[in-house]
Each structure stands twice: as C-alpha cells, then as structure tokens.
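# Architecture and fold: a report
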Amino acid sequence: MRKLIAEKLCIPWNEIHLQRTSKGKPFLANNVLSICSNYNFNVSHQGDYAVLAAEPELQVGIDIMKTNLPGISLCHSDGQDYCSSSIPNFFHIMKRQFTETEWSVIKSMSNEWMQLDMFHRHWALKESFLKAIGVGIGFNLQRIEFNVSPLQLEIGKVYKKTKMLLDGDEEEEWTFEETRLDDHHHIAVALGKQEGFVQKHSDVCSMEPNQPQFTLLTFEDLVASGIPVAPEDSAYWDNFCSKLESPVKQNSLSRQDCL
C-alpha cells in the first residue's frame, strides 16, 4: 500500500498515514482531496498471491481465491472459516451463501473440479463487493446474485461482462472486472460509485478490453524504495523469521468445528 501511495500520490513512505474504518477497511488518512476526490484501495491475499487494487474516484474492492481440493478451508469477510472434507459436503455447508440461480450455474459445470472452480469465482465476486462497500459480519450473501459471463475465463485476460443483482434488481452502477491469473487463482475487482459522488466520466471503467490489469512484483520490488517508518526491532525480526513459512493444515475438523 505504501509503495502504491508513494508512487501515485507522491507522498513519502514515512509521511503516509493509514487508518481503518469502523468495519476494518484500511484507508489513507492524509488529506489528498486536492489530488483525488476519493482515493481508495483494497488488498486481498490467498494461495500464492497478494493483490491490490486502487481507484482515485470510484469505490473499489478486490478479492482473490485459490481453487483448493478437500480438505477445503474458506475464510469469509465475517471472520468465519468454513471447511469440509469433500466437495458435495462443502457445498451443503455453504448452501445459504448463494442463491438458487448461482448454485444452478455452479453445479452445471461438467465435473466436481470445475464446479469447485466456479464456486470460488462466485465467492471472489461476492467478497469484492462486500469489501468495496466496507461491510462484513451480518450481511446476507443471498441479497447479492451474480450472473457470470463468460462461463470460461482465459488466463491473463480481463473480463467485465458479469452483472450483479442486489435484492433482485440489477446494479448498473457497479462493474466487476474478473481475471484468472493461472489455473487456480481467480481475481474479482468491484468498482462502484461512492454514495453521493458525482461521477466525472460516463463509463464506470475506462480500461480497454483485455488490457493487462496486474503487475507482478516481488518482495524486493515492493521494498526497494521503502523508507523505515519505525526504529529497527531486531528481536521482532528474529521472532518473525523463526515462524513456519506455511502453517500445518488441520484436515480432521468436523462440521461442528467449522461452524
């Protein structure tokens, strides 16, 4: 986030002030109204990637999902983990999170892997919207329904044809950009008008079709221009380095453990 803000808004790393809304969404506390009317950003991480999206005017939310086979563990923005040992049982646990129309699309895929892949695509879309509007706990996911298009996404392309219904009505002021990074990772970016915000352009998104959306950065890329924002704490770093890079997964959880 600091690299983005420093480069796009020309604010030095150590002068960037980040805070969170009451719902936990990070935002830039510096006064940049003279530069951008509603500069906001959102981050997500799962699987092999961490992703970030930013917008100078529109509300933005982003989510990345990695399609995993059982034991499946899925984290929702309400902080709840949903897990299961088989795809059919996992779908049964998650039944209330999607509408009947969405389930019909998910289960229309030709095999369980493709069904699970379509499930994660829908999940990323829902999470991107919730993160854009800054809500989590208590939001009924059946209030939002996605009509995904096209059904198959090519790796590396950006798609903007998927539509969302909120309480049964199509939301024309929201655009959803979808990208498949590889065979396992879906990204969804939600873009919508801020409440009370007068849009400067007629189109919600001005990106050209199939224009590359993401730039892959290494850790070294991220910190190359960084400036320390706090004194060095060698003990904290030693403790961080001693942790396991990937925690051991617990695959023997029961449904009661998950819910």
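Residues numbered from 1 in each chain as written. Predicted model: local features only at pLDDT ≥ 70, side-chain atom pairs only at ≥ 80, totals over all residues. Heavy atoms only, no water.

### Looking at the sheet that holds strand β8 (residues 144–147)
Here is the rule: Two strands form a pair only when DSSP identifies at least two bridges running between them. Note on conventions: DSSP H or I runs of at least 4 residues are helices, E runs of at least 2 residues are strands, and numbering of each starts at the N terminus.
Read from one edge of the open sheet, three strands run β8-β10-β11, paired in antiparallel fashion. What marks the edges here is a single partner per strand, and that holds for β8 and β11 (169–170). Pairing analysis gives four bridges linking β8 to strand β10 (residues 163–166), with the strands arranged antiparallel. Its bridge partner lying in β10, E145 is registered against L165.

### Observations concerning the side chain of H122
Rules: Buried, partly exposed and exposed residues are distinguished by accessible area as a fraction of the type maximum, computed with a 1.4 Å probe on protein chains only: under 20%, between the cut-offs, and over 50%, respectively. Here, residues are in contact when the closest pair of their heavy atoms is within 4.5 Å.
One can find H122 in helix α4 (residues 112–133). Judged by its relative accessible area of 0%, H122 falls in the buried class. Beyond its immediate sequence surroundings of up to four residues, H122 is in contact with F98, E102, V105, I106, F146 and V148.

### Focus on the sheet that holds strand β13 (residues 185–192)
If you trace the four strands from one edge of the open sheet to the other, you get β5-β13-β12-β9, paired in antiparallel fashion. Across the chains shown, the open sheet's two edge strands, defined by having one partner strand only, are β5 (59–66) and β9 (158–159).

### Quick look at the packing of aromatic side chains
The condition that has to hold: Two rings from Phe, Tyr or Trp (for Trp, the six-membered ring) form a pair when their centres sit within 6.5 Å of each other. Planes less than 30 degrees apart are called stacked, planes more than 60 degrees apart edge-to-face, and all others tilted. Note on criteria: charge over ring means Lys NZ or Arg CZ within 6 Å of the ring centre, with the direction from the centre no more than 35 degrees off the ring normal.
With the rule as written, the count across this model stands at 13 aromatic pairs. Measuring from centroid to centroid gives 5.6 Å for W237 and F240, while their planes differ by 25°, and the two rings are stacked. Taken together, the residues span about one helical turn, with W237 and F240 both in helix α6 (residues 234–241) at a distance of three residues. Residue classification places W237 among the exposed residues on the basis of a relative accessible area of 51%. An aromatic cluster of three or more residues is present, and its members are F90, F91, F98, W103, F119 and W123. Cation over ring: K107 sits above W103, and NZ or CZ is 5.3 Å from the ring centre.

### Some thoughts on unusual backbone geometry
Cis geometry marks the peptide bond from S149 to P150, where omega comes out at -5°. Here C10, not a glycine, exhibits a phi torsion of approximately 60°, which is positive. Within the secondary structure layout, C10 lies in the loop between α1 (2–9) and β1 (18–20). Unlike most non-glycine residues, D167 shows phi in positive territory, near 55°. Judged by relative accessible area, which is 46%, D167 ranks as partly exposed.

### Focus on a nonpolar patch on the surface
Heads up, the condition is: To count toward a patch, a residue needs a relative accessible area over 30% and no salt bridge; like charges are then connected within 9 Å, while nonpolar side chains (Val, Leu, Ile, Met, Phe, Trp, Tyr) are connected within 5 Å. The protein chains shown are the only cover counted for residues, whose accessible areas, like all others here, come from Shrake-Rupley with a 1.4 Å probe. A pair is scored as a salt bridge if a Lys or Arg side-chain nitrogen falls within 4 Å of a carboxyl oxygen belonging to Asp or Glu.
A cluster of nonpolar side chains, L217, F219, L222 and V223, forms an exposed patch at the surface whose accessible area comes to about 360 Å². With respect to the helices, strands and loops of the structure, F219 is situated in helix α5 (residues 219–223). By relative accessible area, F219 is classed as exposed at 58%.

### Some words on the confidence of the model for the chain
Applied cut-off: As a per-residue measure, pLDDT reflects the predictor's confidence and takes values from 0 up to 100.
Here the chain averages 83 in pLDDT, while 80% of its residues score no lower than 70. At the level of individual helices and strands, the chain shows its lowest average pLDDT in helix α7 (residues 255–258), which scores 36, and its highest in β8, which scores 98. Segment residues 196–210 is flagged for pLDDT under 50; beyond a separation of four residues in sequence, or across chains, it makes 21 contacts in the model. Within the model, pLDDT remains below 50 along residues 250–259, and this stretch shows twelve contacts once partners closer than five positions in the same chain are excluded.

### Let's talk about helix α3 (residues 100–107)
Cut-off, in case you're wondering: To obtain the arc, one takes the directions from the helix axis to the C-beta atoms.
Considered for burial, the residues of α3 that qualify are E102, W103 and I106. Down the axis, α3 shows its buried residues gathered within 100° of arc, on one side only. Buried residues belonging to α3 abut α2 (87–93), α4 and β8.

### Considering the pairing of strand β3 (residues 40–46)
Look at any regular strand and the pattern is simple: side chains alternate between the two faces of the sheet. Relative to strand β4 (residues 49–55), β3 runs antiparallel, the two being bridged by seven bridges. Paired with Q46 across the two strands is Y49, which belongs to β4. The antiparallel hairpin formed by β3 and β4 contains two residues in its connecting segment, where G47 sits at a positive phi of about 65°.

### A look at α6
Put simply, the test is: As used in this structure description, the phrase polar contact means that two N or O atoms lie within 3.5 Å; if the pair is within protein, one of them must be able to donate a hydrogen and the other to accept it, and residues adjacent in sequence are counted only when both atoms belong to side chains.
Taken across its eight residues, α6 has zero buried, putting it largely on the surface. The opening residue of α6 is D233, an N-cap whose side-chain oxygen sits 3.3 Å from the backbone nitrogen of A235.

### A look at the environment of N140
Inspection of the secondary structure assignment puts N140 in the loop between α4 and β8. Through-space distance from the C-alpha of N140 to that of Q97 is 7.7 Å; in sequence the pair is 43 residues apart. A polar contact of 3.0 Å, which involves the side chain of N140, links it to the backbone nitrogen of Q142.

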